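Residue-level listing of the chains:
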Amino acid sequence: MRYELSDLRLFLEIAQARSLTAAAAAVFITPSAASYRLKNLEQALGTALFERSSRGMDLTPAGEAMLLHVRELFEGIARMQGDVSRFISGVKGHVRLVANSSSLNGFVTPTLGRFLVAYPGIDAEIEERQSETIPAAVLAREADVGIFAGPSAVQGLVTHPYAVDRLVIVTPRDHLLAVQSSLRLGAALDFDFVCMARSSSNYLFLRDSAQRLGKTVRARLHAHSFDAVLSLVAAGVGIALVPSSVLGGRLQPEQLAVIALDEPWALRELSLVVRKDARFPDFITEFVNFLLEDPQVAMTRAPG
């Protein structure tokens, strides 16, 4: 049976976006053409790959099985391109990273910028997710590299210590809590919060932690970045839960009070994972080393 790579790429885009329209846009064809090509692919295979639902395009069991093979196929193509490009005109390739908000905002983004400048032929795709979902996403080939906080029981991964961070509460200087040197989260939840976006892993972690205490987060508003959150806290809008790594140099110390959280989970050990069976092209291996060896990141792993 013959398969067109373009049809398999379309299948992959639909599976990832769960939308025929979005997938069609990603491969630069019309939705009607995408629908026709998907129908032909399903006919060639003799089975349906997707079911339409209120949530979009859901994979059938046959589609789930096919997705693993298609991801492996395109990973192999990326490896081939990386190996061959060394003999042409520089490395060209694409790397996919999933990470939680703390690592993205506190550590990953500056390192990623330097990597892309050093390797102009490499493109990167980054996605924020909750920490507990990231190991499984890497194992399922949804990303090449994952960075997350906390432990993981997912087998089949190689885990590297990445960075150490700490969650803290920040308040305006004149806030009632500003005189505290440390506090428990439950005490902070009695006050108004400035939160990250509702879909951000930082907010979802705060929301879930509050629910475990039988409380809710009094969110006055949701901001699009940690810079915006800190500016709004400094202006007196509310308090916030942030990783300490996002504080350096953003605001003057006299604008904010930083309060330690007396919680065992406040110390965040970030891990970097890749699949144990991955046979990456050289540029992805170099990307992993670039992340791990960044001096600003590596120093957080040092004792003390």
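Residues numbered from 1 in each chain as written. Predicted model: local features only at pLDDT ≥ 70, side-chain atom pairs only at ≥ 80, totals over all residues. Heavy atoms only, no water.

Regarding the overall build of the chain
- When helices and strands are tallied, the chain shows 11 helices and 12 strands.
- With the C-alpha coordinates aligned to their principal axes, the bounding extent of the chain is approximately 70 × 45 × 35 Å.
- In the chain, the proportion of contacts linking residues at least 24 apart, taken out of those at least 6 apart, comes to 73%.
- Carbon and sulfur atoms make up 54% of the accessible area of the chain, which amounts to about 15,600 Å² in all. (Helix = DSSP H or I, 4+ residues; strand = E, 2+ residues; numbered from the N terminus. Contact = heavy atoms within 4.5 Å. Areas by Shrake-Rupley, 256 points an atom, 1.4 Å probe, with all protein chains shown as cover.)

Topic: the nonpolar core
- Residues Val145, Ile147, Tyr162, Leu272, Phe287 and Leu291 are the most contacted members of the largest nonpolar core, which totals 26 residues.
- Contributing elements (two or more residues each) for this core: strand S3 (93-99), helix H5 (101-118), strand S5 (145-149), strand S6 (157-172), strand S12 (267-275) and helix H10 (282-293).
- Top element by residues in this core is H10. It accounts for 6 residues.
- The contacts of Leu291, once residues within four sequence positions are left out, are Val108, Thr111, Val145, Ile147, Tyr162, Leu272 and Val297.
- Listed in part, the 22 residues of the second largest apolar core include Leu49, Met66, Phe74 and Ile77. (Core = buried A, V, L, I, M, F, W, Y, C linked by side-chain atoms within 4.5 Å. Buried < 20%, exposed > 50% of the residue type's maximum accessible area, 1.4 Å probe, protein only.)

Observations concerning the packing of H5 against H10
- Two numbers describe how H5 lies on H10: the axes approach to 10 Å, and their chain directions differ by 135 degrees. Taken together, the axes of H5 and H10 lie oblique to each other. At the point where H5 passes H10, the crossing takes the right-handed sense. Taken together, the residues of H10 that come into contact with H5 (itself represented by Val108, Thr111, Leu112, Arg114 and Phe115) are Phe283, Glu286, Phe287, Phe290 and Leu291.
- When the residues that make up the contact of H5 with H10 are grouped by side-chain class, the tally is 7 nonpolar, 1 polar and 2 charged. (Axes fitted to C-alpha atoms, helices over the stretch in contact; angles between N-to-C directions. Parallel < 35°, antiparallel > 145°, perpendicular 65-115°, else oblique. Left-handed = near helix turned anticlockwise from the far one by under 90°. Nonpolar A, V, L, I, M, F, W, Y, C, P; charged D, E, K, R; others polar.)

Let's talk about the side chain of Ser102
- As for its position among the elements, Ser102 is in helix H5.
- Residue class for Ser102 comes out buried when judged on its relative accessible area of 7%.
- Setting aside its immediate chain neighbours within four residues, Ser102 contacts Phe107, Asp165, Leu167, Pro243 and Ser245.

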